[in-house]
Amino acid sequence: SLDLGNFKRRLNEILSSVNDVVWACTANNYKMLFISSACQKVSGYSPAEFYADSNLWFKRVHPDDKEKMTNAIAELQHNGSAETEYRVIDKQGQTKIVLDKSSLSYDEQGNPKEIHGVATDITGLRESEQKFLSYTLHIAKILDAITDGFITLDKEWRFTYINKVFQKITNKST
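Below: a short report on this structure. (Residues numbered from 1 in each chain as written. Predicted model: local features only at pLDDT ≥ 70, side-chain atom pairs only at ≥ 80, totals over all residues. Heavy atoms only, no water.)

Peptide bonds are mostly trans, and most non-glycine residues show a negative phi. At tyrosine 30, a position not held by glycine, the phi torsion is positive, near 60°. Even without being glycine, tryptophan 157 reaches a positive phi, approximately 65°. Tracing the backbone shows tryptophan 157 in the loop between strand E6 (151-153) and strand E7 (159-162). Exposure remark for tryptophan 157: the relative accessible area of 68% places this residue in the exposed category. (Helix = DSSP H or I, 4+ residues; strand = E, 2+ residues; numbered from the N terminus. Buried < 20%, exposed > 50% of the residue type's maximum accessible area, 1.4 Å probe, protein only.)

Right, here's the structure in full:
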């Protein structure tokens, strides 16, 4: 059996090993109740800085995503949970993309008490997606420049790509 001190120590060790920011705040004024040390990796700010300024995370939301954040808070209050993707500007001025999943907890009278959440830095994922999309468009331009009809098929012999010359020859499109 674990005593409370050992339990807290173990929980802190576990949360420190996770790259996601685990957080909790009050539902009425967003006072930070807990934030994991991963906040430093994602935002450049320490947990102590978040405890000192409960609005710090909101202040770091990219100006173009403030409305998205406001809508997510409204969704959270209405549905009891929300999931939103938005940008934050870290302490060094770098823009990060975050996927934030949050849920409300309620007191015995059914009133919103706390908000619990997990914020995941998905910047690398979005950058990889963008590179893949650019690569795909580049390949499509090359294939469209071929002067012969060109197609690709999947295992079931369905068209997966048809270049413009093939479309012109056959009047077929994807």
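From this point, things continue past the structure.
The full count for this structure, using the stated rule, is zero disulfides. Take cysteine 25: it sits in no disulfide, and the sulfur closest to it among the cysteines is that of cysteine 39, at 14 Å. Residue cysteine 25 is classed as buried on the basis of its relative accessible area of 5%. (Disulfide = S-S within 2.5 Å.)

The next subject is the nonpolar core. Core analysis: the largest hydrophobic core is formed by 24 residues, its most contacted members being Val21, Trp23 and Trp57. Of all the secondary structure elements, the ones that give two or more residues to this core are strand E1 (21-26), strand E2 (32-35), helix H2 (38-43), helix H4 (56-60), helix H5 (66-79), strand E3 (81-89), strand E4 (95-106) and strand E5 (112-121). Those residues in contact with tryptophan 23 that sit more than four places away from it in its chain are Met32, Phe34, Ile35, Asp100, Ser102, Ile115, His116, Gly117, Val118 and Ala119. (Core = buried A, V, L, I, M, F, W, Y, C linked by side-chain atoms within 4.5 Å. Contact = heavy atoms within 4.5 Å.)

Moving on: empty space enclosed by the protein. Taken as a whole and assessed by the stated rule, the structure comprises one cavity of 30 Å³ or more. Reported here for the largest cavity is a volume of approximately 290 Å³. Contributing to the lining of the largest cavity are 20 residues, with Trp23, Trp57, Phe58, Met69 and Asp100 lying nearest its centre. Contributing elements (two or more residues each) for the lining of the largest cavity: E1, E2, H4, H5, E3, E4 and E5. Examining the composition of the lining of the largest cavity, we find that four residues originate from one element, H5, more than from any other. Residues that form the lining of the largest cavity fall into these classes: 16 nonpolar, three polar and one charged. (1 Å grid on protein atoms, 1.4 Å probe; cavity = no way out; pocket = protein on both sides within 12 Å on 5 of 7 lines; lining within 4 Å. Points joined across faces, edges and corners; volume = space filled by probe spheres on them. Nonpolar A, V, L, I, M, F, W, Y, C, P; charged D, E, K, R; others polar.)

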